[in-house]
Amino acid sequence: MRRTESGLSSLSQQRPVSMEAYWMPFSANRQYKAAPRLLVRAEGMYYHDVDDRPILDAAAGLWCCNAGHARPRIVQAIQQQAATLDFAPPFQMGSPLPFVLAQRLAALAPAPLNHVFFSNSGSEAVDTAMKIVLAYHRLRGQGQRTRFIGREKAYHGVGFGGLSIGGLPNNRKDAGPLLAGSDFLRHTLDLSRNAFSRGLPRHGAELAEDLERLIALHDASTIAAVFVEPIAGSGGVILPAPGYLQRLREICDQHGIVLVFDEVITGFGRVGNAFAAQRFGVTPDLMTLAKGLTNGAVPMGATLVSDAVHAAFMQGPPGAIELFHGYTYSGHPLACAAALATLDTYAEEHLFERAIELGDYWQSALHSLRGLPHVIDIRNFGLIGAVELAPRKDAPGARGYEVFERCFRDGSLLVRCTGDVIALSPPLIIDKAQIDRIVEILGDMINATG
């Protein structure tokens, strides 16, 4: 095979000669490769495609570029770190930045989440949390607590652990039996009572009592943890009613069950605080993070752990390894540099507050789409939004995909489709004119779709 003479810069800006070798994730590969959507550069609120069209980003990439694209402080931090220390082994060795970053995250998180285990993705952060929970109960003499409770329509990544507690059927169906003993709370999406709610829905707090049903079925002494997304993202932007998360916390406390929040999507300003736990006033025992942690610039995940859970591991001999778990790239120097620069950018530009400052404007703009053809619900909270479309007969997801594709091709707008839900999560640097433009384009494309 003849080696191309093109430089990396040139290769990154042009159409690939062949697309066959790359098996794309969560993609209809044959459909995509017949009419590819190729992004080649980005800055601020915009991507540029291979034809150099500016594409307004209404999805923060994939829920992750909360500070926008190619932010100078983050770019410079990565460049400098790559030239200084490209890698450091994390097992029985270390480098300074993971310790600095862990302290910064602990200071941002609600007390007492003061300890951080680094990984490379949200999927790994969830699997790490599951392993920590199981070991925690065993250390406390309650090793029979092995059952995990997830929730229907939940997404907790694609590791076998996350799949086992995730409630998206398409993700699970080809993966075999998964982990034994998992069970599921009902989801909180209720269009019959809550369609077109502005902000949190009025109805559904009572669904937290579903956990009592599962406890009665399985016995509390067998349940290790409950995993929930404060706001379910990939399942279609599903919001909790006021009091729902508080009630889950109360039930878990009553029965000695660990509560884990998956904040991979809701973390880092998406809902108007550093984390949804703070916005909703509910503190979990563990919290999983990724995406906005590095603004999407370098892969990184993190599992935040409470003082009580961490302390259970620190009782043995000082020379003993407390947890036989980790990743080659845990606390990777480039990822830590990106994360620290990202946190600085959030702070300097007061981006965590943007979801509250713009929340009412965002809400009004989105709900102006009510009444368009096939729109059956609009949901919003912070700077998250969803427009749900009625599925076509015998073709669920087809209408949503067509709107997504039209937005890109005809509207120069990037949105996210999950089934027939158009999900929106723009970078937090968005302004009101850009909100108006997103809603205008999306409305036009919905009108143009039969």
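Calculation criteria
- Residues numbered from 1 in each chain as written.
- Predicted model: local features only at pLDDT ≥ 70, side-chain atom pairs only at ≥ 80, totals over all residues.
- Heavy atoms only, no water.
- Domains from an automatic or database assignment.
- Contact = heavy atoms within 4.5 Å.
- Buried area = accessible area lost by both parts, 1.4 Å probe.
- Salt bridge = Lys/Arg side-chain N within 4 Å of Asp/Glu carboxyl O.
- Polar contact = N/O pair within 3.5 Å; in protein donor to acceptor, adjacent residues only side chain to side chain.
- Helix = DSSP H or I, 4+ residues; strand = E, 2+ residues; numbered from the N terminus.
- Nonpolar A, V, L, I, M, F, W, Y, C, P; charged D, E, K, R; others polar.
- Axes fitted to C-alpha atoms, helices over the stretch in contact; angles between N-to-C directions.
- Parallel < 35°, antiparallel > 145°, perpendicular 65-115°, else oblique.
- Left-handed = near helix turned anticlockwise from the far one by under 90°.
- Pairing = 2+ DSSP bridges.
- Buried < 20%, exposed > 50% of the residue type's maximum accessible area, 1.4 Å probe, protein only.
- Lys, Arg positive; Asp, Glu negative; His and termini not counted.
- 1 Å grid on protein atoms, 1.4 Å probe; cavity = no way out; pocket = protein on both sides within 12 Å on 5 of 7 lines; lining within 4 Å.
- Points joined across faces, edges and corners; volume = space filled by probe spheres on them.
- Expected span 1.5 Å × (residues − 1).
- Right-handed = clockwise from strand over helix to strand, strands pointing away.

Asks: What is the right way to read the domain arrangement of the protein from this model?
Replies: How big an interface is tends to be stated in terms of the accessible area lost upon association of its parts. Taken domain by domain, the protein holds domain 1 (37-67 + 352-448) and domain 2 (76-348). Taken together, the contact between domain 1 and domain 2 spans 34 residues of the former and 33 residues of the latter. For the pairing of domain 1 and domain 2, the buried interface totals around 3000 Å² over both sides, and the portion due to carbon and sulfur atoms is 63%. Sorting the residues of domain 1 by area buried against domain 2 places Trp63, Phe352 and Phe381 first, and these three jointly supply 29% of that buried surface. At the boundary of domain 1 and domain 2, one finds zero salt bridges. The tally of links between domain 1 and domain 2 comes to 15 residue pairs in polar contact (both at pLDDT 80 or more). When residues in the side of domain 1 that touches domain 2 are grouped by element, the largest group, seven residues, is from strand E11 (residues 375-381). Here the residues of the side of domain 1 that touches domain 2 are counted per class, giving 21 nonpolar, nine polar and four charged.

Asks: Where do I start with the packing of helix H4 (residues 72-84) against helix H14 (residues 333-348) in this structure?
Replies: Helix packing geometry: the angle between the two helix axes and the distance between the axes. Close contact between H4 and H14 brings their axes to 8 Å; oriented N to C, the two are set at 155 degrees. Here H4 is positioned roughly antiparallel relative to H14, judged by the angle of their axes. In the packing of H4 onto H14, the handedness of the crossing is right-handed. From H4, Arg73, Ile74, Ala77, Ile78, Gln81 and Ala82 reach across to H14, where they touch Pro333, Leu334, Ala337, Ala338, Ala341, Thr342, Asp344, Thr345 and Glu348. Its residues assigned to classes, the contact of H4 with H14 shows nine nonpolar, three polar and three charged.

Asks: Sorry if this is basic, but what is going on with the sheet that holds strand E15 (residues 421-424) here?
Replies: Either a parallel or an antiparallel arrangement is found when strands of a sheet pair, and the pairing is made through backbone hydrogen bonds. In spatial order, the strands read E11-E12-E15-E14; together these four strands make up an open sheet with antiparallel pairing. In this open sheet, the two strands that pair with only one neighbour each are E11 and strand E14 (416-418). Recorded for the sheet is a direction-independent mean angle of 20 degrees between the axes of neighbouring strands. Direction of pairing for E14 relative to E15: antiparallel, over a ladder of three bridges. For Thr418, the partnering residue across the bridge sits in E15 and is Val421. In the packing of helix H16 (residues 359-367) onto the sheet, the strands contacted are E11, strand E12 (384-389) and E15, and the crossing angle to E11 comes to about 175 degrees.

Asks: Sorry if this is basic, but what is going on with the pattern of salt bridges here?
Replies: Side-chain pairs of opposite charge can arise whenever the charged atoms involved come near each other. The final tally for this structure, using the stated rule, is 23 salt bridges. Glu348 is the partner of Arg73 in a salt bridge, and the nearest nitrogen-oxygen pair spans 2.3 Å. Taken together, the positions of Arg73 in helix H4 and Glu348 in helix H14 put the pair 275 residues apart, joining distant regions of the chain. One salt bridge connects Arg213 with Asp210, and the closest N-O pair in it is separated by 2.7 Å. Separated by three residues within a single helix, Arg213 and Asp210 lie in helix H10 (residues 210-218), roughly one turn from each other. Judged by relative accessible area, Arg213 falls into the partly exposed class, the value being 44%. Because the salt bridges share partners, they merge into one network encompassing Arg73, Arg104, Asp344 and Glu348.

Asks: Sorry, what's going on with the side chain of Asp183 here?
Replies: Relative to the elements of secondary structure, Asp183 occurs in strand E6 (residues 183-185). No salt bridge is formed by the buried Asp183; the nearest opposite charge belongs to Arg147, separated by 5.7 Å. Side chain to side chain, Asp183 and His218 meet in a polar contact 2.6 Å long. Leave out the neighbours within four places in its chain, and Asp183 touches Phe148, Ile149, Gly150, Leu214, Leu217 and His218.

Asks: Where do I start with empty space enclosed by the protein in this structure?
Replies: The gaps left among the atoms become clear once a water-sized probe is rolled over them. Under the defined criterion, the tally for this structure stands at three cavities of 30 Å³ or more. Taken as a whole, the largest cavity spans an internal volume of roughly 100 Å³. Listed by contribution, the elements that provide at least two residues to the lining of the largest cavity are helix H9 (191-194) and E11. Per-element accounting of the lining of the largest cavity gives the leading share, three residues, to E11.

Asks: Hey, could you run me through helix H18 (residues 432-448) in this one?
Replies: Owing to its 3.6 residues per turn, the α-helix brings residues three or four apart onto one side. Given a rise of 1.5 Å per residue, 17 residues ought to cover 24 Å, and the 24 Å separating the end C-alpha atoms of H18 matches this to within 8%. Along H18, the positions that sit buried rather than exposed are Gln434, Ile435, Ile438, Val439, Ile441, Leu442, Gly443, Met445 and Ile446. The opening residue of H18 is Asp431, an N-cap whose side-chain oxygen sits 3.2 Å from the backbone nitrogen of Ala433.

Asks: It is not clear to me how the pairing of strand E8 (residues 258-262) should be interpreted in this structure. Could you clarify?
Replies: Looking down a regular strand, the side chains alternate between one sheet face and the other. Counting buried residues in E8 gives five out of five residues, a clear majority hidden from the surface. Of the two faces of E8, the one carrying Val258, Val260 and Asp262 and the one carrying Leu259 and Phe261 are both buried. Of the pairings in the sheet, the one linking strand E7 (residues 223-228) to E8 comprises four bridges and is parallel in character. Note on E8: the bridge partner recorded for Ala225 is Val258. A crossover connection joins E7 to the parallel E8 through helix H11 (residues 244-255); in handedness this β-α-β unit is right-handed. Here three bridges tie E8 to strand E9 (residues 286-289), and the two strands are oriented parallel to one another. Among the inter-strand pairings, Val260 is bridged to a residue of E9, identified as Leu286.

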